[in-house]
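# Commentary on secondary and tertiary structure
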Amino acid sequence: MTLSLHDVTLTYPDGDSRLTALDNVSLDVPAGSVTGVVGPSGSGKSSLLAVAATLITPDSGEVTVDGTATSGMDRAARAALRRRDLGIVFQQPNLLPSLTAVEQLEVMARISGRRRPSDRSRAERLLAAVGLADQAHRKPQQLSGGQRQRVAIARALLNDPAVLLVDEPTSALDRDRGAAIVDLLVTLTRQRSTATVLVTHDHEYLSEVDHIVEMIDGRLGTRQPIG
Ligand code: ADP
Ligand code: MG
């Protein structure tokens, strides 16, 4: 299994007590498949992604990425694992306003310490893969919301991650553009064999994903794919 969460519990401080955001959550995501996570706002979806991304350490349980258990890792080891194995797309694309699309990717290549002469052509190929071949030299304000999300997806794929974690990429998009982003994520998952987790509150987009799980009050249940 490329991504596994086993019996993960996460609490946050809440006044004098603690709020349970993830309650004994287990999830297995094989390579080349998309798991959709649905559920109401506040149910724990973003917390689930943050734990899978090793950005938050849970109170208990284990997160395994590409065969490596992460619970014993220190900060530096987790950061290295993220750079090597994880692609993360947040709800907001978080692009740098002064950089063109292709430069957003090049900067990421530089930050991750793997600068290579081929960075530019790799970045251009990835932008083409997300349908932005003609927009590579545009800055964020010259791109639509959907195009910006595509840049963020291309950037997340830069290091060929084993795991792709995507948080509500369609929340700021209209229906057609949202559906196109989900289509793209399914296609990329198949092509690149990533284990993909796609959080969304829009059930209607999920007809093509492989599995759907539903988060309610920090607990995971199974749902039948719609389609
Ligand atoms: P979702 O993404 O499904 O909207 P979240 O994972 O963001 O849900 O939040 C789950 C619960 O945890 C909510 O009750 C939220 O208020 C709480 N929560 C999220 N992040 C924090 C935090 N950093 N500190 C305290 N409580 C938090
Ligand atoms: Mg959220």
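Structure report, in brief.

A few words on the site of ligand 1. Surveying the vicinity of ligand 1 reveals the residues Y12, L19, A21, P40, S41, G42, S43, G44, K45, S46 and S47. One nitrogen or oxygen atom from the main chain of S43 is found 3.2 Å from an oxygen atom belonging to ligand 1. Interatomic distance of 3.1 Å between a backbone N/O atom of G44 and an oxygen atom of ligand 1. When isolated, ligand 1 has an accessible area of 560 Å², and the protein chains bury 60% of it. Mapped onto the shell around ligand 1, the elements with two or more residues apiece are strand 2 (17–29) and helix 1 (45–52). With three residues, helix 1 is the largest single contributor of residues to the shell around ligand 1. Classifying every residue of the shell around ligand 1 by side-chain character gives four nonpolar, six polar and one charged.

Direction vectors running N to C along helix 5 (residues 145–156) and helix 6 (residues 175–192) enclose 20°, while the axes themselves pass 11 Å from each other. Judged by the angle between their axes, helix 5 and helix 6 are roughly parallel. Helix-helix and strand crossings are classified by hand; for helix 5 and helix 6 the assignment is right-handed. Two secondary-structure elements touch here, helix 5 through G146, Q149, R150 and I153 and helix 6 through A180, I181, L184, L185 and L188. Of the residues belonging to the contact of helix 5 with helix 6, the class tally is six nonpolar, two polar and one charged.

What counts, and where the lines are drawn
- Residues numbered from 1 in each chain as written.
- Chains lettered and ligands numbered in written order.
- Predicted model: local features only at pLDDT ≥ 70, side-chain atom pairs only at ≥ 80, totals over all residues.
- Heavy atoms only, no water.
- Near = heavy atom within 4 Å.
- Polar contact = N/O pair within 3.5 Å; in protein donor to acceptor, adjacent residues only side chain to side chain.
- Areas by Shrake-Rupley, 256 points an atom, 1.4 Å probe, with all protein chains shown as cover.
- Helix = DSSP H or I, 4+ residues; strand = E, 2+ residues; numbered from the N terminus.
- Nonpolar A, V, L, I, M, F, W, Y, C, P; charged D, E, K, R; others polar.
- Axes fitted to C-alpha atoms, helices over the stretch in contact; angles between N-to-C directions.
- Parallel < 35°, antiparallel > 145°, perpendicular 65-115°, else oblique.
- Left-handed = near helix turned anticlockwise from the far one by under 90°.
- Contact = heavy atoms within 4.5 Å.

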